[in-house]
Amino acid sequence: MQAEVLRAFRFTLAPTSGQEEVLLRHAGAARWAFNHALGMKVAAHRQWRAAVEALAEQGVADADARKQVRVPVPTKPTIQKHLNAIKGDSRAGGLPEGVAGPARPCPWWHEVNTHAFQSAFIDADRAWGNWLDSLRGKRAGRRVGYPRFKKKGRSRDAFRLHHDVKKPAIRLTTYRRLRLPTVGEVRLHDSGKRLARLIDRGQAVVQSVTVSRGGSRWYASVLCKVTTELPDRPTRAQRERGRVGVDLGVKHLAVLSQPSISDTPASQFVSNPRHVRRAERRLTKAQRALSRTEKGSARRAKARRRVGRLHHEVAVRRDSALHALTKQLTTRFATVAIEDLNVAGMTRSARGTVATPGSRVRQKAGLNRAILDAAPGELRRQLTYKASWYGCQIAVLDRWWPSSKTCSACGWQNSRLTLADREFHCPDCGLRIDRDLNAARNIAAHAVISGTPPATQVAPGKEETQNARGASVRLPGPRAEKQEAMKREDARPNSQAPPRRSNPPTSSHPHQEQGKLF
């Protein structure tokens, strides 16, 4: 199936000292423009809040006061028109003759590309909209906080440039040179041959470029609209391998329900590189050196750059390992089954409060660091978008399904299993297996593809006539899709054995924390 998709081609830049100064100037302009736009929005919000509080003091109900007060929050067109009216010009020599007042803002605007300002205004609109949507419950995921101003030295140096696609100003002049408006031709560490050939064949059109700095390097992410073939079904090799369950963890980065390489059992266990632990000694030394420097000194700036470079190296290694793993999974299997992990909850601190202090805080902090180093959320994000590239499907297991505590052979459940138990032993069927491998098999068997009815998620083959609870999969009547299987096996009364369940419930947990609206 041929389709137009947006894809980013990332290159490492090798700018000269003069070009690096221009890049920094553009990044500073984008940061200033974002803060300017956000400042106007915050001022309008504070004006609205003051009017609401004034009505509330007069006895008007808060809900009625919010409806009565209308203060428009300026958006990109309004902000850009306002800035064009008040901005100065360093080429004109300050304020016009006979005009008194404060100096006009950003007199250096002509030194940078105008799209650095416009893209920053768009980003400010998006940040404000994300906060409002999260506040009203229209945005999924974690609650988005109030937009914050960007501070030099703490926020990421980045800017985005656009161009007219009919008269492209962002283009590859050679395989090793990328032309950026106002900046000029910048040499690339990588080869742009793949992108250049797509553009020459008319299969790619450059939309924009985002230039950012990570550590001591500059990167250019060229966003293109690419016409490509997207497979509508898995390949024959993928269909032969079928479904694979992936259990993410800390001891192993991932454990697969079947080997990723045929006839190689060891490929079931993907080792955890532990990038942070490998760089821990150098990071500790660099951070100690940074803490001993004087604020504002050149030596402190040098030490800060060293710490940033080390953290960036760790991030690049982690990203490379995850990309390699996710591509292997999506290109070798027809379906990849994963768990719906609550990473934020898993890595929450055990510190507790003053009234109820936590226990084993240092051990939990080390576990949190290891989980975040494995980056399970980023791995799922990469699997999600790569699945459409390679004709693969993603199946997700409910986060409350006890995949580690359930026997993958008979369904017996050990509710007393702890993290210290690295081997799963089933007293019913005698299965002895690595706990992560057992969990991977359960994930492969019980994960559900989005939009697929649960009745179709039984074991493959026509000989299967019962689901995991032992009830028939055949619908007895026209309204049977609303009925649930009732057959269930529990432990006998007064039994010392853990509860025995064939298929624990996959619906939302009764104690699941609901999102709060503030």
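As shown above, the structure is provided for reference.
In this numbering scheme, every chain counts its residues from 1 along its sequence in written order. Local features in this predicted model are restricted to residues of pLDDT 70 or higher, and side-chain atom pairs are both shown and tallied only at a pLDDT of 80 or more, whereas totals for entire chains, interfaces and linings draw on every residue. Hydrogens and waters are ignored; side-chain quantities use all the structure's heavy atoms.

A. Spatial organisation of helix α5 (residues 193-200). Relative accessibility under 20% of the residue-type maximum defines a buried residue, over 50% an exposed one, and the middle range a partly exposed one, all with a 1.4 Å probe and only protein chains included. In this description a helix means any DSSP run of H or I spanning at least four residues, a strand means any run of E spanning at least two, and both kinds are numbered starting from the N terminus. Residues of α5 that are buried include every one of L195, A196 and L198, and no others. End-on, the buried residues of α5 take up no more than an arc of 160 degrees, which puts them together on one face. Every exposed residue of α5 that faces more than 90 degrees away from the buried side is listed here: R194 and D200. Residues count as neighbours in contact if any of their non-hydrogen atoms are within 4.5 Å of one another. Looking at the packing, one finds that the buried side of α5 touches β1 (2-14), β3 (171-174), β6 (204-214) and β7 (217-229). Looking at the residues trailing α5, positive phi occurs at G202, about 80 degrees. By arc we mean the arc of the directions from the helix axis to the C-beta atoms, nothing more.

B. Focus on the sheet that holds strand β9 (residues 252-256). One open sheet holds the six strands; their spatial order is β10-β9-β8-β11-β12-β15, and the pairing between them is mixed. Edge positions in the sheet fall to β10 (269-271) and β15 (448-449), since each has one partner strand and no second. Of the strand pairs in this sheet, strand β8 (residues 243-248) and β9 are connected by three bridges, and their pairing is antiparallel. Directly across from D247, in β9, lies its bridge partner V255. Here helix α9 (residues 298-332) sits on the sheet and contacts β8, β9, β10 and β11 (335-339); the angle it forms with β9, its principal contact strand, is near 5 degrees. The pairing criterion for strands is at least two bridges between them, as found by DSSP. Between the N-to-C directions of two axes lies an angle of 0 to 180 degrees, each axis being a line fitted to C-alpha atoms and, for a helix, fitted only over the stretch in contact.

C. Structural view of the packing of aromatic side chains. The aromatic pairing rule takes the rings of Phe, Tyr and Trp, using the six-membered ring of Trp, and pairs them if the centres are within 6.5 Å, calling planes under 30 degrees apart stacked, those over 60 edge-to-face and the rest tilted. The tally for this structure, following the rule as stated, stands at nine aromatic pairs. Considering the side-chain rings of W32 and W108, the 5.8 Å spacing of their centres and the 80 degrees angle between planes classify their relative orientation as edge-to-face. Placement of the pair is W32 in helix α1 (residues 17-57) and W108 in the loop between α3 (76-86) and α4 (114-136), with a sequence separation of 76 residues. Judged by relative accessible area, which is 27%, W32 ranks as partly exposed. Given a relative accessible area of 28%, W108 falls into the partly exposed group. Measuring from centroid to centroid gives 5.6 Å for W128 and Y146, while their planes differ by 70 degrees, and the two rings are edge-to-face. Within this pair, whereas W128 is found in helix α4, its partner Y146 is found in the loop between α4 and β2 (158-162), the two being separated by 18 residues in sequence. Residue W128 is classed as buried on the basis of its relative accessible area, which comes to 6%. What makes Y146 partly exposed here is its relative accessible area of 33%.

D. Broad picture of the packing of α3 against α4. Running from N to C, α3 and α4 cross one another at 140 degrees; their axes reach a closest spacing of 9 Å. Here α4 runs oblique to α3, going by the angle between their axes. The handedness of the crossing between α3 and α4 comes out as right-handed. Together, K76, I79, Q80 and L83 of α3 and F117, Q118, F121, I122 and D125 of α4 make up the contact between the two elements. Taken together, the residues that form the contact of α3 with α4 break down as five nonpolar, two polar and two charged. For classification purposes, angles smaller than 35 degrees are called roughly parallel, those larger than 145 roughly antiparallel, those between 65 and 115 roughly perpendicular, and all remaining angles oblique. What makes a crossing left-handed is the near helix being turned counterclockwise from the far one by less than a right angle; a clockwise turn instead makes it right-handed. Nonpolar residues are Ala, Val, Leu, Ile, Met, Phe, Trp, Tyr, Cys and Pro. Charged residues are Asp, Glu, Lys and Arg, and all others, Gly as well, are polar.

E. Just the environment of H110, in detail. With respect to the helices and strands, H110 occurs in the loop between α3 and α4. Here the alpha-carbon distance between H110 and D89, two residues 21 residues apart in the chain, equals 7.7 Å. Not counting residues within four places of it along the chain, the set of residues in contact with H110 comprises D89, S90 and R91. At 2.8 Å, the side chain of H110 forms a polar contact with the side chain of S90. Polar contacts, as used here, are pairs of N or O atoms within 3.5 Å; protein pairs need one atom able to donate a hydrogen and one able to accept it. Residues neighboring in sequence count only if both atoms are side-chain atoms.

F. A look at the side chain of S267. Looking at the element boundaries, S267 is found in the loop between β9 and β10. Judged by relative accessible area, S267 falls into the buried class, the value being 12%. A distance of 3.2 Å separates a polar atom in the side chain of S267 from the backbone nitrogen of S260. A polar side-chain atom of S267 sits 2.6 Å from the main-chain carbonyl oxygen of T264. Among residues more than four places away in sequence, those in contact with S267 are L256, P259, S260 and I261.

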